[in-house]
Amino acid sequence: MKNITKFLMGKAIVLVLTLLITQPSCFSGSGENTASTGEHAGDGHDEENHGEENEHENNKVVRLSEAELEEFGIEIAVAESGELEIRIDLPGEIILNENRLAHIVPRVPGVAIESRKNVGDPVRKNETLAVLESRELANAKAELLTARARKALATANYSREKDLWEKKITSEQEYISAKQALAEAEIELRSAELKLHALGFSEKYINNLPTHPDAEFTRYEITAPFAGTVIKKHITIGEMFSENRTVFVIADLSSVWVNFSVYQKDLSFVKKGQPVNIVVGHGITDAKGVISFVKPIVGEDTRTALARVALPNRDGKLRPGLFVTGSVIVEKIKAPLLVPKTAIQIIDNEKTVFVKTKEGFKPRQIKTGRSDQTRVEITSGLLRGEKYAAVGAFTLKAQLSKSSFGEGHGH
């Protein structure tokens, strides 16, 4: 009997142990207590995740000292309103100022005996460029001297005939004939003087002509009409030149023109008097000018109109033939919040600015609106008056990337 009792008690213990292993909830108390325990366990899990998130957010801060800010070239600005400048870009080319361009031709035909200037040489006003030997010039000077001698003779004859006529010694007809001859001589002399004036000779030169040596009567000097630079030369010693053949081309390069091509879609925006920012590139400083002329006719081949800007060129860096880009302001729009484009970085495929806080620079996602060449409108993510990294944001992004690997200043 005792053996049976021991056997049954062993079975009962095995059964209880089996139930404890397979169904522990049967001995855990009421259902309400079980739910409460589960909720408490869940809270513990959330607190753990929240702590990880806080730690992750704290890692997204870049801390730099004042010395490091200066070293990295990071500039801080305050978020504020401003104006967007809507511009259009126009292709253009620097050309010679045609108002200061001279195609020099000899005023008399002749043979070149001297050439004193080459392409690229600077010249002064009235400086001699070349010398021709001209038979036609010698004839014109000889005509002047002949006309002067005839006038002197006619003047003397008229005075004599006038005196005789007044004394009733000679007839009135002889007096009138002498008077007519004097008038004709004066006309001939005046014509000879005008011919030499047309060839470029001054009144002083003409008056002193009788004192010049005979060798100079054939000498014709080609001179510069204004100060400038020789840009073309077409003369060789011994070559014969006619009056309509260009010998030199001189340009005053102290000023240039910039011709811009205006497309049909932009014609209504481009007007005379508008300021233009001109980008030349190639190490040449940008220039600023004002549109002085807009051609009223559109080119048949290009279907573009011409807009012109005149620029000073005292240092000679604006060389004719260079291509440029002109930026014309066509509209100004007020925006409640603007930042420079240099402040915006792409982090995790989102536009981001680095906002300066007590802890350091924190990346903040933003939404953007309109923009111009240098600035962007912020529609959300940044408040007016907040400080942010306007320049050097890329460096902060790099420091932030380092911190994700446990190095750098973002800690």
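Structural data are supplied above this passage.
So, how was this worked out
- Residues numbered from 1 in each chain as written.
- Predicted model: local features only at pLDDT ≥ 70, side-chain atom pairs only at ≥ 80, totals over all residues.
- Heavy atoms only, no water.
- Core = buried A, V, L, I, M, F, W, Y, C linked by side-chain atoms within 4.5 Å.
- Buried < 20%, exposed > 50% of the residue type's maximum accessible area, 1.4 Å probe, protein only.
- Helix = DSSP H or I, 4+ residues; strand = E, 2+ residues; numbered from the N terminus.
- Contact = heavy atoms within 4.5 Å.
- Phe/Tyr/Trp six-rings, centres within 6.5 Å; stacked < 30°, edge-to-face > 60°.
- Axes fitted to C-alpha atoms, helices over the stretch in contact; angles between N-to-C directions.
- Parallel < 35°, antiparallel > 145°, perpendicular 65-115°, else oblique.
- Left-handed = near helix turned anticlockwise from the far one by under 90°.
- Nonpolar A, V, L, I, M, F, W, Y, C, P; charged D, E, K, R; others polar.
- Pairing = 2+ DSSP bridges.
- Salt bridge = Lys/Arg side-chain N within 4 Å of Asp/Glu carboxyl O.
- Expected span 1.5 Å × (residues − 1).
- Polar contact = N/O pair within 3.5 Å; in protein donor to acceptor, adjacent residues only side chain to side chain.

**Examining the nonpolar core**
Then step 1. If you look at the biggest cluster of nonpolar residues, it comprises 31 residues, and the most contacted ones within it are L196, F248 and I250.
Then step 2. If you list the elements that add at least two residues to this core, you get β3 (101-104), β6 (128-133), α4 (135-166), α5 (172-198), β7 (219-223) and β10 (248-251).
Then step 3. Looking at this core element by element, the count peaks at 5 residues for α4.
Then step 4. Setting aside anything within four residues of it in sequence, one finds F248 in contact with A102, H103, I104, S115, K117, L129, A130, V230, K232, K233 and I235.
Then step 5. Judged by nonpolar contacts, the second largest core, of 21 residues, contains I88, V262, V309 and L318.

**Here's the deal with the packing of aromatic side chains**
Centre-to-centre distance and the angle between the planes together describe a pair of aromatic rings.
Then step 1. Enumeration according to the criterion identifies 4 aromatic pairs in this entry.
Then step 2. Each ring, one from F201 and one from Y220, has its centre 6.5 Å from the other, and the planes form 75 degrees; the classification is edge-to-face. One end of the pair, F201, is in the loop between α5 and α6 (203-207); the other, Y220, is in strand β7, with 19 residues separating them in the sequence.
Then step 3. What makes F201 buried here is its relative accessible area of 14%.
Then step 4. Given a relative accessible area of 6%, Y220 falls into the buried group.

**Focus on the environment of R100**
Then step 1. The topology assignment puts R100 in the loop between β2 (80-96) and β3.
Then step 2. Overall, the relative accessible area of 32% leaves R100 in the partly exposed class.
Then step 3. Each C-alpha atom, one on R100 and one on I250, is 8.4 Å from the other, the two residues being 150 residues apart in sequence.
Then step 4. If we ignore the near neighbours within four places in the chain, the residues touching R100 are F226, A227, I250, A251 and D252.

**Considerations on the packing of α4 against α5**
Then step 1. At their nearest, the axes of α4 and α5 sit 8 Å apart, and the two run at 155 degrees to each other. Judged on the interaxial angle alone, α5 and α4 are roughly antiparallel. Crossing handedness for the pair α4 and α5: left-handed.
Then step 2. Classifying every residue of the contact of α4 with α5 gives 15 nonpolar, 2 polar and 14 charged.

**Some points on the pairing of β10**
Then step 1. By the alternation rule, side chains of β10 split into F248 and I250 and V249 and A251, which are all buried.
Then step 2. Direction of pairing for strand β8 (residues 228-233) relative to β10: antiparallel, over a ladder of 4 bridges. Looking across to β10, one finds that V230 is bridged to I250.

**Examining the pattern of salt bridges**
Then step 1. Summed over the entire model, instances satisfying the criterion amount to 18 salt bridges.
Then step 2. Notably, a salt bridge pairs E127 with R124, separated by 3.9 Å at the nearest N-O pair.
Then step 3. Assessed through its relative accessible area of 14%, E127 is described here as buried.
Then step 4. Overall, R124 belongs to the exposed group, its relative accessible area being 56%.

**Side note on the sheet that holds strand β9 (residues 240-241)**
Then step 1. The antiparallel open sheet is built from 4 strands, whose spatial order is β7-β6-β4-β9. On the outer flanks of this sheet lie β7 and β9, each paired with one strand and no other.

**What to know about the sheet that holds strand β5 (residues 122-123)**
Then step 1. The strand order across the open sheet built from 4 strands is β3-β10-β8-β5, with neighbouring strands paired in antiparallel fashion. Strands at the two margins of the open sheet, each flanked by one partner only, are β3 and β5.
Then step 2. In this structure, β3 lies alongside β10, joined through 4 bridges in antiparallel fashion. Bridge assignment links H103 to a residue of β10, and that residue is V249.

**Quick word on α4**
Then step 1. Here α4 contains 32 residues, and its C-alpha end-to-end distance of 46 Å stays within 8% of the 46 Å for a straight helix at 1.5 Å per residue.
Then step 2. Inspection of α4 places L137, A138, A140, K141, L144, A147, A154, Y158 and E161 among the buried residues, and these make up the whole buried set.
Then step 3. The elements touched by buried residues of α4 are α5, α6 and β7.
Then step 4. Structurally, the start of α4 carries an N-cap: the backbone nitrogen of E136 is 3.4 Å from a side-chain oxygen of S134.

**Some points on the environment of V294**
Then step 1. Looking at where V294 falls in the secondary structure, it is placed in strand β13 (residues 287-294).
Then step 2. For V294 and R308, which are 14 residues apart along the polypeptide, the C-alpha to C-alpha distance reads 6.4 Å.
Then step 3. Excluding residues within four positions of it along the chain, V294 makes contact with K271, K272, L306 and A307.

**Considering α5**
Then step 1. Relative to the 39 Å expected for 27 residues at 1.5 Å per residue, α5 spans 39 Å between its end C-alpha atoms, a close match to the ideal helical length.
Then step 2. On its buried side, α5 packs onto α4 and α6.
Then step 3. Two residues or fewer past α5, G200 is found with a positive phi of approximately 100 degrees.

**Observations regarding unusual backbone geometry**
Then step 1. Residues other than glycine seldom take positive phi values, yet R303 does so here, at roughly 55 degrees.
Then step 2. Mapping R303 onto the fold places it in the loop between β13 and β14 (304-312).
Then step 3. The exposure class assigned to R303 is partly exposed, which follows from its relative accessible area of 47%.
Then step 4. Positive phi, close to 65 degrees, is recorded for N349, a residue that is not glycine.
Then step 5. Turning to its location among the elements, N349 is positioned in the loop between β16 (345-347) and β17 (350-356).

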